[in-house]
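What follows is the residue order along each chain.
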Amino acid sequence: MGATVYMADLRTTHKHNLFAKIERLLEAMGLENGVESGFLTAIKLHFGEEGNASFIRPIFVRPVVEAVRKLEGRPFVTDTNTLYVGSRSDAPSHLETAMRHGFNFPVLGAPVLIADGLKGRSVRSVAVGLKHFQEVKIAAEICSADAMIVLTHFKGHELTGFGGALKNLGMGCAGREGKLAQHSNISPKVVRKRCVGCGHCLEWCPAGAIHIDAESGRAVIDNQVCVGCGECIVVCPQKAVNIRWNESVPVFQEKMMEYAYGACRGKRERCFFINFVLQVSPACDCYGHNDMPVVADLGILAATDPVALDQACCDLVVAAPGMPGSVLGDRLAPGVDKFAAVYPEIEWRSQLAYAEEIGLGSREYQLEKL
Ligand code: SF4
Ligand code: SF4
């Protein structure tokens, strides 16, 4: 049987434009069953790294905001700070990037706030009791929200094959410590030639895990003492502290699904998911560029089950003809696995299988076209 995934194609008339279609998707999912009067409703997005242009268009968020307001909910648009140093690694730079990309009150009709605070320290522990984590560290304002609508630009992804609603939940709702725990199983490392021994990281390290080596005058991290908060990565003025991206892809995918599980904890039946299968770039919006799409724009899909939704989007992309001139080269026939063609070492299905195993949803679905 499986979950119902609703699909709006991109054909429009003046009465049924894309905004009206987004409204219909929200109605079809039964938004009124999850958003009540006074509910603080998180609209989770990815604002795109500086230089990227394939993130969701801000004007598509407006009908979601209006639908929440119609139910007398109180919407806010949100994302979390990044683990790495970039244009979204603390709240002020993140908000500036969001504003430059058009995510601001006049366009959205709702305030924008960064869910894990000024420096990414506002997190809460959420008990999950799963294989890799007993508890996960989720951004405080995601935990505090009464309901959540996750809007995702569906695309390829260099670590997980594809990036959909599950990734937006698992990585996108994690605090910095949680992001580091998914990507790495050891402490960050100091690049000695960049370190000038200023000692700034020592002041910020909550575990006292860093000292300045008397001989070299450079910072050294004690792997046994480090608690993996990720703080030193972003506070170093020389960008001398690097993440060790050492987690294997299968384990990384499972960890991310455990975080996705934690992000919905306590409001699973009040979570709604919309994937925009538009401008399906081969890689993540965290890059400061976006390569040309691998397929044509396919539509906007929605479900209350993020596993079914991502599965349906993957199936659509695989079934579609590839885009001539894209990174796919001559592997353009309908049915060619686009994600495997771009990332042959990654088994993208494993995140869906594990998400199903831990009870996040079902890979079986019926597609209902609106
Ligand atoms: S903040 Fe950076 S440059 Fe300063 S001691 Fe730490 S690692 Fe070295
Ligand atoms: S990750 Fe956190 S605990 Fe570990 S060395 Fe850096 S600041 Fe200290």
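Fair warning: this is a prediction, and the values are worked out from it, not measured in the lab. (Residues numbered from 1 in each chain as written. Chains lettered and ligands numbered in written order. Predicted model: local features only at pLDDT ≥ 70, side-chain atom pairs only at ≥ 80, totals over all residues.)

A. Broad picture of the overall build of the protein. Across its full length, the protein carries 13 helices and 16 strands. Against the 2.2 N^0.38 benchmark of 21 Å for 370 residues, the protein shows a C-alpha radius of gyration of 20 Å, consistent with a compact globule. In terms of overall dimensions, the protein has a C-alpha envelope of 70 × 50 × 40 Å along the principal axes. Summarising the internal contacts of the protein: among those between residues at least 6 apart in sequence, 76% fall at separations of at least 24. (Helix = DSSP H or I, 4+ residues; strand = E, 2+ residues; numbered from the N terminus. Rg over C-alpha atoms; globule rule 2.2 N^0.38 Å. Contact = placed C-beta atoms within 7 Å.)

B. Up close: the domain arrangement of the protein. According to the domain assignment, the protein consists of domain 1 (3-182 + 249-369) and domain 2 (187-242). Here the C-alpha centre of domain 2 lies 33 Å away from the C-alpha centre of domain 1. Among the residues making up the side of domain 1 that touches domain 2, the classes are represented as 5 nonpolar, 1 polar and 4 charged. (Domains from an automatic or database assignment. Nonpolar A, V, L, I, M, F, W, Y, C, P; charged D, E, K, R; others polar.)

C. Examining the packing of helix α10 (residues 249-264) against helix α13 (residues 349-357) more closely. Running from N to C, α10 and α13 cross one another at 40°; their axes reach a closest spacing of 9 Å. As the angle between them shows, α10 and α13 are arranged oblique. Read as a crossing pair, α10 and α13 show a hand that is right-handed. Counting all contacts with α10, which are made through Pro250, Gln253, Glu254, Met256, Met257 and Ala260, the residues of α13 involved are Ser350, Gln351, Tyr354 and Ala355. Here the contact of α10 with α13 is built from residues that sort into 6 nonpolar, 3 polar and 1 charged. (Axes fitted to C-alpha atoms, helices over the stretch in contact; angles between N-to-C directions. Parallel < 35°, antiparallel > 145°, perpendicular 65-115°, else oblique. Left-handed = near helix turned anticlockwise from the far one by under 90°.)

D. Broad picture of the site of ligand 2. Among the 16 residues in the neighbourhood of ligand 2, the closest are listed as Cys205, Cys226, Cys229, Glu231 and Cys232. Residues that form the shell around ligand 2 fall into these classes: 12 nonpolar, 3 polar and 1 charged. (Near = placed C-beta within 6 Å.)

E. Representation of the site of ligand 1. Around ligand 1, the structure places 13 residues, and the nearest of them are Cys195, Cys198, Cys201, Ala219 and Cys236. Taken together, the residues that form the shell around ligand 1 break down as 9 nonpolar, 4 polar and no charged.

F. Main features of the sheet that holds strand β7 (residues 147-153). Pairing in this open sheet of 8 strands is mixed, and the strands run β4-β3-β2-β7-β14-β15-β1-β16 from one edge to the other. Strand pairing shows two members of the sheet lacking a second neighbour, β4 (112-114) and β16 (365-369), which therefore form its edges. The sheet shows a mean angle of 25° between the axes of neighbouring strands, direction not considered. Relative to β4, strand β3 (residues 74-79) runs parallel, the two being bridged by 3 bridges. Its bridge partner lying in β4, Thr78 is registered against Leu113. (Pairing = 2+ DSSP bridges.)

G. Spotlight on unusual backbone geometry. Of note, Glu72 is a non-glycine position whose phi angle comes to about 65°, a positive value. Judged by C-beta crowding, with 11 C-beta atoms within 10 Å, Glu72 ranks as exposed. One non-glycine residue, Gln279, adopts positive backbone phi at about 50°. Looking at the element boundaries, Gln279 is found in the loop between β14 (271-277) and β15 (299-303). With 20 C-beta atoms counted inside 10 Å, the residue Gln279 sits in the buried group. (Buried ≥ 20, exposed ≤ 12 C-beta atoms within 10 Å, placed from the backbone.)

H. How the structure looks around the nonpolar core. Membership of the largest hydrophobic core comes to 97 residues, with the highest contact counts inside it found for Ile43, Val64, Ile138, Ile142, Ala260, Val277 and Leu301. In this view, Val64 contacts Ile22, Leu26, Ile43, Ile149 and Leu151; residues no more than four positions away in its chain are not counted. (Core = buried A, V, L, I, M, F, W, Y, C linked by C-beta atoms within 7 Å.)

I. Fine view of the environment of Ala181. Mapped onto the elements of the fold, Ala181 is located in helix α7 (residues 176-183). With 23 C-beta atoms counted inside 10 Å, the residue Ala181 sits in the buried group. Along the backbone, Ala181 and Leu202 are 21 residues apart, and their C-alpha atoms lie at a distance of 21 Å.

J. Quick peek at the pairing of β3. Direction of pairing for strand β2 (residues 40-44) relative to β3: parallel, over a ladder of 5 bridges. In the sheet register, Ala42 faces β3, and the bridge partner there is Phe76. Between β2 and its parallel partner β3, the chain crosses via helix α2 (residues 62-70), and the hand of that crossover is right-handed. (Right-handed = clockwise from strand over helix to strand, strands pointing away.)

K. Layout of the pairing of strand β6 (residues 135-139). Within β6, 4 of the 5 residues are buried, which leaves the element mostly enclosed by the surrounding structure. When strand β5 (residues 123-127) meets β6, the two strands line up antiparallel, connected through 5 bridges. Bridge pairing in β6 places Val126 opposite Val136.

L. Fine view of α2. Those residues of α2 that fall on the buried side of the exposure criterion are Pro63, Val64, Val65, Ala67 and Val68. Contacts made by the buried residues of α2 are with α1 (18-29), β2, β3, α4 (105-108) and β7. Note on α2: the residue one or two positions beyond its end, Glu72, has a positive phi of about 65°.

M. A look at the packing of α1 against α2. Running from amino to carboxyl end, α1 crosses α2 at an angle of 45°, the nearest separation of the two axes being 9 Å. Comparing their axes, α2 and α1 come out oblique. Viewed along their axes, α1 and α2 form a crossing whose handedness is right-handed. The segment α1 lies against α2, with Phe19, Ile22, Glu23 and Leu26 engaging Pro63, Val64 and Ala67. Its residues assigned to classes, the contact of α1 with α2 comprises 6 nonpolar, no polar and 1 charged.

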